[in-house]
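# Summary of the model geometry
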Amino acid sequence: MNQRDTASFQNFIGGQWVSTDRQFDNINPVNGSLIGRVHEAGAAEVDAAVRAARDALAGPWGRFSVEDRVELLHAVADGIDKRFDDFLAAEIADTGKPVSLASHLDIPRGAANFRIFADVVKNVPGESFEMTTPDGGRALNYAIRVPRGVVGVICPWNLPLLLMTWKVGPALACGNTVIVKPSEETPGTATLLGEVMNEAGVPAGVYNVVHGFGPDSAGEFLTTHPHVQAITFTGETRTGEAIMRAAAQGTRPVSFELGGKNAALVFADCDFDKAVEGVARSAFANTGQVCLGTERVYVQRPLFERFVAALKTRAEALRPGDPHADGINFGPLISKQHQSKVLSYYARAKEDGATIVTGGGVPDVPRQLREGAWIEPTIWTGLRDDSTVIKDEIFGPCCHIAPFDTEEEAIALANASEYGLCTSVWTSNIGTAHRLAAAIDVGLCWINSWFLRDLRTPFGGSKASGIGREGGVHSMEFYTELRNVCVKL
Ligand code: NAD
Ligand code: 6OD
């Protein structure tokens, strides 16, 4: 079938739309309505995708020069721009995120992820070493980067297009072929990208999409397939552990962007309004479903009461509702299932004796939205450091605020987590800023900012938050094998 059936989400294999007889519902989290049926890929469809991806490597794609790939990836980015409204509609239908967020973050980053990595591969420097040989002659060593081959790309649901293209962009720029397994919750934009790939003239089999779940479904079939040569994954730490076990068969390399329980540290000398605005954004943007989000806020004692009051005002100003409506800046959670999980933490905070500064439940929304996965932005104070709510990643629009006195205490609190994805430090003291950046065990440290991104920089987490770094030349490290060529002159 060459024409995509727009009422459903089919697999995209070897440039063709592939349906299956196992289908599941894709539900709109705004109101619980059915968006469409998703065709689940089984082992046979995953195997067909791997074969298509291998054939593409052996075919014209494998002979593309860097310049050819760069030109094509720019055409893909242009294709996303041209169909901006289609991508926007698909992303909003799947996630319920407000149009203001998706149109400023998710969709533009979808296109930028192709442009930036096309430009990175064009400019990545090489290395060479000349040497004297034992017989007194000369030899020249130079390293070339070759694609790894077929790359499995497993994605989450929170920033579907952004996080998928963040991996597909560099993988293709380096000459690999990809098989994407989008989250079962958000099949829309990965599917739509198949159309753009065909329109841009990307050879069949270079970009493939298989739909389904993790265990005993497309995710597991993909990660255990012996001809998938590298796996890049974004999602929960526990899922990462399962994928790592699968990747151990055949010692395939992995790149993991995993969970976080990030701390914001607000010093008494900060620019107060900017700190409140930044921490509010980091706690509540995308309804708290951002791996970089802040669920632990530590405020230096002289500012504590004022900061809690100001953050409460921010939380209470958020407007849930129809994502396309004017003035709406707060979407639902991704699903009823995730809503139950987040609400269980809201209940746990109460049981553990938290003071609920604001929120703590489900907001009152218009009747037509009541089947949606709505949740209140929530702030707590007064929990003990060892409370589950302080330790677990909740992935909801909530944070706990606690006071601290000294810089050493702030560092110890930030580091008291199994995770190490990011932190944000709010201070006007440059010495404090640099000392904290060196002392907090994270992959990303923002000073007086949050989620400010230059795509050339290393991105990833330490501890249980990930393995490896992607971004700029760091993505090249993962998506290529470096081969040394030694030429006796
Ligand atoms: P998840 O781990 O449940 O699922 C992610 C993907 O893995 C989905 O496509 C899922 O179907 C697939 N999957 C699940 N089990 C699998 C298995 N055994 N084998 C193969 N594939 C499998 O994560 P999620 O709920 O979709 O996303 C939220 C999580 O992602 C949070 O923990 C969040 O912190 C994390 N995340 C991290 C980053 C980062 O950059 N560090 C970015 C976004 C999200
Ligand atoms: O900005 C990015 O490149 C990136 N990987 C963001 C991750 C956000 C997590 O939810």
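Residues numbered from 1 in each chain as written. Chains lettered and ligands numbered in written order. Predicted model: local features only at pLDDT ≥ 70, side-chain atom pairs only at ≥ 80, totals over all residues. Heavy atoms only, no water.

What follows deals with helix α6 (residues 160–173). With 14 residues, α6 should reach 20 Å at 1.5 Å per residue; the first-to-last C-alpha distance of 20 Å fits that figure. Backbone geometry just after α6 places Gly 175 at a positive phi near 95 degrees. (Helix = DSSP H or I, 4+ residues; strand = E, 2+ residues; numbered from the N terminus. Expected span 1.5 Å × (residues − 1).)

What follows is about the site of ligand 2. Near ligand 2 you find 13 residues, and of these Arg 109, Asn 158, Cys 291, Arg 453 and Phe 459 are the closest. Within the side chain of Asn 158, an N or O atom sits 2.8 Å from an oxygen atom of ligand 2. Within the side chain of Arg 453, one N or O atom sits 2.7 Å away from an oxygen atom of ligand 2. For ligand 2, whose unbound accessible area comes to 300 Å², protein coverage reaches 99%. In terms of residue count, α6 provides more of the shell around ligand 2 than any other element does, three residues in total. Grouping the amino acids of the shell around ligand 2 by side-chain chemistry returns nine nonpolar, one polar and three charged. (Near = heavy atom within 4 Å. Polar contact = N/O pair within 3.5 Å; in protein donor to acceptor, adjacent residues only side chain to side chain. Areas by Shrake-Rupley, 256 points an atom, 1.4 Å probe, with all protein chains shown as cover. Nonpolar A, V, L, I, M, F, W, Y, C, P; charged D, E, K, R; others polar.)

With that settled, consider the domain arrangement of the protein. Looking at the protein, the domain boundaries give domain 1 (3–258 + 465–488) and domain 2 (262–454). One C-alpha centre belongs to domain 1, the other to domain 2; they are set 31 Å apart. Counting from both sides, the interface comprises 26 residues of domain 1 and, opposite them, 29 residues of domain 2. With both sides pooled, the region where domain 1 packs onto domain 2 buries about 2,200 Å², and carbon together with sulfur makes up 61% of that total. Considering only the side of domain 1, the residues that lose the most area to domain 2 are Val 30, Trp 157 and Ser 465, jointly responsible for 26% of the buried surface there. Counting the contacts that link domain 1 with domain 2 gives zero salt bridges. At the level of elements, α4 (84–95) and α5 (99–123) are the ones that each hand at least two residues to the side of domain 1 that touches domain 2. (Domains from an automatic or database assignment. Contact = heavy atoms within 4.5 Å. Buried area = accessible area lost by both parts, 1.4 Å probe. Salt bridge = Lys/Arg side-chain N within 4 Å of Asp/Glu carboxyl O.)

Another aspect to go through is the site of ligand 1. Neighbouring ligand 1 are 30 residues, the closest being Lys 181, Glu 184, Thr 239, Leu 258 and Glu 393. Cys 155 places a polar main-chain atom, nitrogen or oxygen, 2.7 Å from an oxygen atom of ligand 1. Within the complex, the protein chains bury 91% of what would otherwise be the 850 Å² of accessible surface of ligand 1. Mapping ligand 1 onto the cavity grids shows that it belongs to the largest pocket. At the level of elements, α8 (218–223), β11 (230–234) and α9 (237–248) are the ones that each hand at least two residues to the shell around ligand 1. The dominant element in the shell around ligand 1, judged by the number of residues it contributes, is α9, at three residues. Classifying every residue of the shell around ligand 1 gives 16 nonpolar, eight polar and six charged. Looking at which domains feed residues into the shell around ligand 1, each of domain 1 (3–258 + 465–488) and domain 2 (262–454) gives three or more. (1 Å grid on protein atoms, 1.4 Å probe; cavity = no way out; pocket = protein on both sides within 12 Å on 5 of 7 lines; lining within 4 Å. Sits in = over half its atoms within 2 Å of the grid points.)

Tracing the backbone shows Asn 31 in the loop between β4 (23–27) and β5 (34–39). On the basis of relative accessible area, Asn 31 is assigned to the partly exposed category, the value being 26%. Along the backbone, Asn 31 and Ala 373 are 342 residues apart, and their C-alpha atoms lie at a distance of 7.6 Å. Each residue touching Asn 31, except ones within four places of it in the same chain, is listed here: Gln 368, Leu 369, Glu 371 and Gly 372. Polar contacts involving the side chain of Asn 31 include one to the side chain of Ser 33, which spans 2.8 Å. (Buried < 20%, exposed > 50% of the residue type's maximum accessible area, 1.4 Å probe, protein only.)

Once that is clear, we can look at the layout of surface pockets. One number sums up the size of the largest pocket: a volume of about 1,300 Å³. For the lining of the largest pocket, the secondary-structure elements that each account for two or more residues are α8, β11, α9 and α12 (336–351). The dominant element in the lining of the largest pocket, judged by the number of residues it contributes, is α9, at eight residues. In terms of residue class, the lining of the largest pocket is made up of 17 nonpolar, 14 polar and 14 charged. Both domains that meet at the lining of the largest pocket, namely domain 1 (3–258 + 465–488) and domain 2 (262–454), each give it at least three residues. Quantified by volume, the second largest pocket comes out at close to 590 Å³. As for the second largest pocket, its lining consists of 23 residues, of which Leu 101, Arg 281, Phe 284, Ala 285 and Asn 286 are closest to the centre. (Points joined across faces, edges and corners; volume = space filled by probe spheres on them.)

With that settled, consider the side chain of Thr 378. Within the secondary structure layout, Thr 378 lies in strand β16 (residues 378–381). A polar contact of 2.7 Å, which involves the side chain of Thr 378, links it to the backbone nitrogen of Gly 360. Not counting chain neighbours up to four residues away, the residues in contact with Thr 378 comprise Phe 284, Tyr 346, Thr 358, Gly 359, Gly 360, Gly 361, Pro 397, Cys 398 and Cys 399.

With that out of the way, let us pick up the sheet that holds strand β13 (residues 262–266). Overall, mixed pairing links the seven strands, which are arranged β15-β16-β17-β14-β13-β19-β20 in an open sheet. Two strands close off the open sheet at either side, each with one partner strand: β15 (355–358) and β20 (444–447). Strand-to-strand twist in this sheet, taken as the mean axis angle between neighbours without regard to direction, amounts to 25 degrees. Bridge count between β15 and β16: three bridges; the pairing is antiparallel. Each bridged residue has a counterpart across the sheet, and for Ile 356 the counterpart in β16 is Trp 380. Strands in contact with helix α10 (residues 272–284) are β13, β14 (294–300), β16, β17 (398–404) and β19 (422–426); relative to β19, the strand with the most contacts, it is inclined by about 160 degrees. (Pairing = 2+ DSSP bridges. Axes fitted to C-alpha atoms, helices over the stretch in contact; angles between N-to-C directions.)

Moving on, we come to the sheet that holds β4. Taken together, the three strands give an open sheet; going across it, the order is β1-β5-β4, and neighbouring strands pair in mixed fashion. Either end of the sheet is taken by a strand with one partner, and the two such strands are β1 (8–9) and β4. As judged from the five bridges shared by β4 and β5, these two strands associate in the antiparallel manner. Counted as the bridge partner of Asn 26 is Gly 36 from β5.

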